[in-house]
Each structure stands twice: as structure tokens, then as C-alpha cells.
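Okay, here's what each chain looks like letter by letter:
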Amino acid sequence: MSAVDAVREIEEQARAGLAAASDERALEAWRSAVLGRSGSLTGVLRSLGELAPEERRALGAAANRLKGELEAALEARRDELKQTALRASVTAGALDVTLPGRPLHRGRYHPLTLTLREILATFERMGFATIEGPEIEHDAYNFEALRIPADHPARDMWDTFWLDSGGEWEGAGGLLLRTHTSPMQARYMETHEPPIRIAVPGRCYRYEATDATHEWMLQQVELLVVDEGVSMADLKGTLQEFARAMFGPERRVMMRNSYFPFVEPGVEIAVDCFACAGTNPSCPVCRGSGWLEIMGAGMVHPEILERMGYETERYTGFAAGMGVERIAMLRYGVDDIRNFYQNDLRFLRQF
Ligand code: PHE
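Residues numbered from 1 in each chain as written. Predicted model: local features only at pLDDT ≥ 70, side-chain atom pairs only at ≥ 80, totals over all residues. Heavy atoms only, no water.

## Description of the overall build of the protein chain
Here is step 1: Counting secondary structure elements, the protein chain contains 11 helices and 10 strands.
Here is step 2: Principal-axis analysis of the C-alpha atoms places the extent of the protein chain at approximately 140 × 50 × 40 Å.
Here is step 3: For the protein chain, with 351 residues in total, the buried portion stands at 42%.
Here is step 4: Partitioning the intrachain contacts of the protein chain with sequence separation of at least 6 by distance along the chain shows that 68% fall at a separation of at least 24.
Here is step 5: Here the protein chain has roughly 19,500 Å² of accessible surface; of this, 51% comes from carbon and sulfur atoms.
Here is step 6: Taken together, the 39 basic and 52 acidic charged side chains of the protein chain have centroids lying 12 Å from each other. (Helix = DSSP H or I, 4+ residues; strand = E, 2+ residues; numbered from the N terminus. Buried < 20%, exposed > 50% of the residue type's maximum accessible area, 1.4 Å probe, protein only. Contact = heavy atoms within 4.5 Å. Areas by Shrake-Rupley, 256 points an atom, 1.4 Å probe, with all protein chains shown as cover. Lys, Arg positive; Asp, Glu negative; His and termini not counted. Charge placed at Lys NZ, Arg CZ, Asp CG, Glu CD.)

Written out as C-alpha cells, the structure is:
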């Protein structure tokens, strides 16, 4: 083989080898095999001295030109590989910004929590302080202090869960789960002097069958106002203002005569039925009456004020007790109270 042929063959092999090299290690191996100290092209350049001057000049020029070309080709190939690697990594980590987002499941408040907060915020704006009391209560506060003695027929208004206190609280008539938040009226008046303006939220328990508007556990908010010159007009104005704030001006509010042993006179307050507006005689919400009762209220019985040591010539007061579930039903158009405590996510996610 002539020296010129040998150089041509080196060139062919070198170019093929370079095209096949696909990473930095292969490039380095190629460089050393072709351009390194014992590389194929280096070998040719070294042997030039053995040639005749004529031949040496021609071959030397060709081999040197090839060396320069291959060095440049090596750099070009190196750049090309870098670009390919960069493109691959960009494509692999790519985001398709046109895909729809994954929905986040946000936690949310229970409709009764939302309603209770709204009720308390409304009364706080009117100057009521929020106070809490015990769920386990003495007969003495739940009934006796409210003028409901042991054999009074009014006890039938609140079917009671009695607790077995092992005889320890028999003197106070025994322990029970409070049937309403009214015991806090007595507890608060016992330890405070007028002026009083409180709202008392809390769970109450009643030993009764459940239906669309009754649960055995319910939440109430009690109101108590005692001050000089408090009248029925204050009761009415406060509760009407409350109903307007909670249900909007278009809802009709009715106040009618009622009886509770701890108030005189006593009233109950109802809101017109959102479900049937009084048109359905078998409406599960209002039972055809057109009205949903949301609270009992009245002027605090003077005998109770007297027992608390207040001057009844000077002080009068009003009280009210409202059902949070009933109010939530009206606000959200829920037609069965039992939905609130079944923890069905399909129901709860609507709020
Ligand atoms: N405690 C009564 C009930 O639960 C409601 C009420 C409270 C009535 C205050 C009058 C005054 O039925």
C-alpha cells in the first residue's frame, strides 16, 4: 500500500469512528487512537523522515491538513453531542402547560360551624359577649333554677338523658346532659351583676325520636340581656334585626305567644317555610303550617331575677334560645336535619 493510500484509509476509518463515538469517553478513546502519541495519524507523521524528499513534501502536506481537519471534526462532534444531551434532558423534564390542573381537595367548614359563626358574629356586632357553659349539668341549673321543679309537667318539654352519678349529686337532683343552654342564664346571673348581654352557644341533648326536624343532639345559642329598662320591644327589635341579618329582608318572621316556665310572657319565633311557602300540607319541614320555629324567647321571669338578688324594681331582662340546625336549614335550604350529622361528603362538599 502506498503511503498516500495509507493516509486515505486512516482518514476513512477516523471519520467513521468519530461519527460512531456517542459520548465523552468514546471521543477520548478515538482521539488517543488517531491523534494521540501512538495514534495512527501520529505514526504517519513520525515516519515522514524516512521518505524521499519529493514524497515527504506531498504526504506531509496531506497528513498535516488531515490532522487539522480531524482536530476540528473532534470539536464539532463534541459540541454536537453536548447539544443532543441538552435537548434530551430538556425534553425529558418538559411540562405540558396546556394540560388541565389537578384539582386540590381543600378542607372546608361544616355548615353548622359556618352558621354558628354567623349567628355569634351577628350578636357580637350588637354587643353580646360569647360565653360557654358545661354540657353535663345539674338538675338544679337545668330545671330547678328555671322554675321547673321535679314534678312540674313542663319537664315533659325536655325528654332528658339522665346520668348515673353514683348518688354523689343527688342533693342537686342528679346529673344530666343539658337539654337546653338556658342553665347558663342562672349560672351567669349567679356570678355577675347587670348590665348583662351574653350569647351562649352549646350542644344540648334530648331523649327523643329523630325526624326531619328533630335530632337527639342539637346546638343552641342562648341570649340573655338584663339591664335597666329592658322591655319586650328590645326583645322584638333584637330578634327581628337578627333574623334580617341571617335570612335577608324578604323572609317573613313571626312572633307568637308561647310558654316557658322561666319567662313571662313567653314567645316563639318562626320563619316562613323555605321548602313549600305554606303550600304543601304534607311538607316535611313545616308540616304544612308554613312556618319553621327557630327559637323560644321571653322576658326573664321576675321571680328568677329576685332569686339572683337583683332589684326587680330596677332590672328587667329578656332571654332567647335558638336552634342552630334549624337556622342552618333555613339558610341553606336543607330539608332534613339528619343530614348534618351523617358525615356524607356529597352533602358536606356543597358548603
Ligand atoms: N330553653 C328553651 C328551649 O330549649 C328556649 C328558650 C330560651 C325559651 C330562653 C325562652 C327563653 O326550648
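## Some words on the sheet that holds strand S9 (residues 291–300)
The pairing of strands in a sheet happens through backbone hydrogen bonds and is either parallel or antiparallel.
Here is step 1: The strand order across the open sheet formed by seven strands is S1-S5-S6-S10-S9-S8-S7, and the pairing between neighbours is mixed. Only two strands of the sheet have a single neighbouring strand rather than two, namely strand S1 (129–130) and strand S7 (253–258).
Here is step 2: Two elements, S9 and strand S10 (residues 315–323), share five bridges in a ladder whose sense is antiparallel. Its bridge partner lying in S10, methionine 299 is registered against phenylalanine 318.
Here is step 3: Docked against the sheet, helix H5 (residues 111–125) engages S1, strand S5 (196–205), strand S6 (217–228) and S10, running at close to 5° with respect to S6. (Pairing = 2+ DSSP bridges. Axes fitted to C-alpha atoms, helices over the stretch in contact; angles between N-to-C directions.)

## Regarding H5
Here is step 1: If you check H5, its first and last C-alpha atoms are 21 Å apart, about what 15 residues at 1.5 Å a residue would give, namely 21 Å.
Here is step 2: Among the residues making up H5, those that are buried are Pro111, Leu112, Thr115, Leu116, Ile119, Leu120, Thr122 and Phe123. Taken end-on, H5 shows its buried residues confined to a sector of 160°, consistent with a single buried face.
Here is step 3: Remark: glycine 127 follows H5 within two positions and exhibits a positive phi of approximately 100°. (Expected span 1.5 Å × (residues − 1). Arc of directions from axis to C-beta.)

## A look at the layout of surface pockets
Here is step 1: Here the largest pocket defines a volume of roughly 800 Å³.
Here is step 2: In this structure, the largest pocket is lined by 40 residues; those nearest its centre are Arg206, Gln220, Glu293, Gly296 and Arg326.
Here is step 3: Those elements that provide at least two residues to the lining of the largest pocket are S6, strand S8 (263–272), S9, S10 and helix H10 (324–332).
Here is step 4: Tallying contributions element by element places S9 first for the lining of the largest pocket, with eight residues. (1 Å grid on protein atoms, 1.4 Å probe; cavity = no way out; pocket = protein on both sides within 12 Å on 5 of 7 lines; lining within 4 Å. Points joined across faces, edges and corners; volume = space filled by probe spheres on them.)

## Focus: the sheet that holds strand S4 (residues 175–177)
Here is step 1: Spatially, S2-S4-S3 is the arrangement adopted by the three strands of the open sheet, whose pairing is antiparallel. Of all strands in the sheet, those with a lone pairing partner are strand S2 (136–138) and strand S3 (162–163), marking the two edges.
Here is step 2: With three bridges connecting them, S2 and S4 associate as antiparallel partners. Across the sheet, the residue bridging to isoleucine 136 is leucine 177, located in S4.

## Some points on the environment of threonine 238
Here is step 1: Looking at the element boundaries, threonine 238 is found in helix H8 (residues 232–247).
Here is step 2: For the pair threonine 238 and phenylalanine 123, spaced 115 residues apart in sequence, the C-alpha separation works out to 8.9 Å.
Here is step 3: When near neighbours in sequence (up to four residues on either side) are disregarded, threonine 238 contacts Phe123, Met126, Phe128 and Phe318.

## Some details on the domain arrangement of the protein chain
Interfaces are often sized by the amount of accessible area the parts lose when they come together.
Here is step 1: If you check the domain split of the protein chain, you get domain 1 (3–92) and domain 2 (111–348).
Here is step 2: Computed over C-alpha atoms only, the centres of domain 1 and domain 2 are separated by 96 Å. (Domains from an automatic or database assignment.)

## A few points about the pattern of salt bridges
Here is step 1: In the structure shown here, the tally under the stated rule is 19 salt bridges.
Here is step 2: Put simply, arginine 31 and glutamate 28 hold a salt bridge, and the shortest N to O gap is 3.2 Å. Residue arginine 31 and its partner glutamate 28 are located together in helix H2 (residues 24–34), separated by three residues, close to a single helical turn.
Here is step 3: On the basis of relative accessible area, arginine 31 is assigned to the partly exposed category, the value being 31%.
Here is step 4: With its nearest N and O atoms 3.8 Å apart, the salt bridge here joins glutamate 241 to arginine 244. Taken as a pair, glutamate 241 and arginine 244 lie in helix H8 at a separation of three residues, close to a single helical turn. (Salt bridge = Lys/Arg side-chain N within 4 Å of Asp/Glu carboxyl O.)

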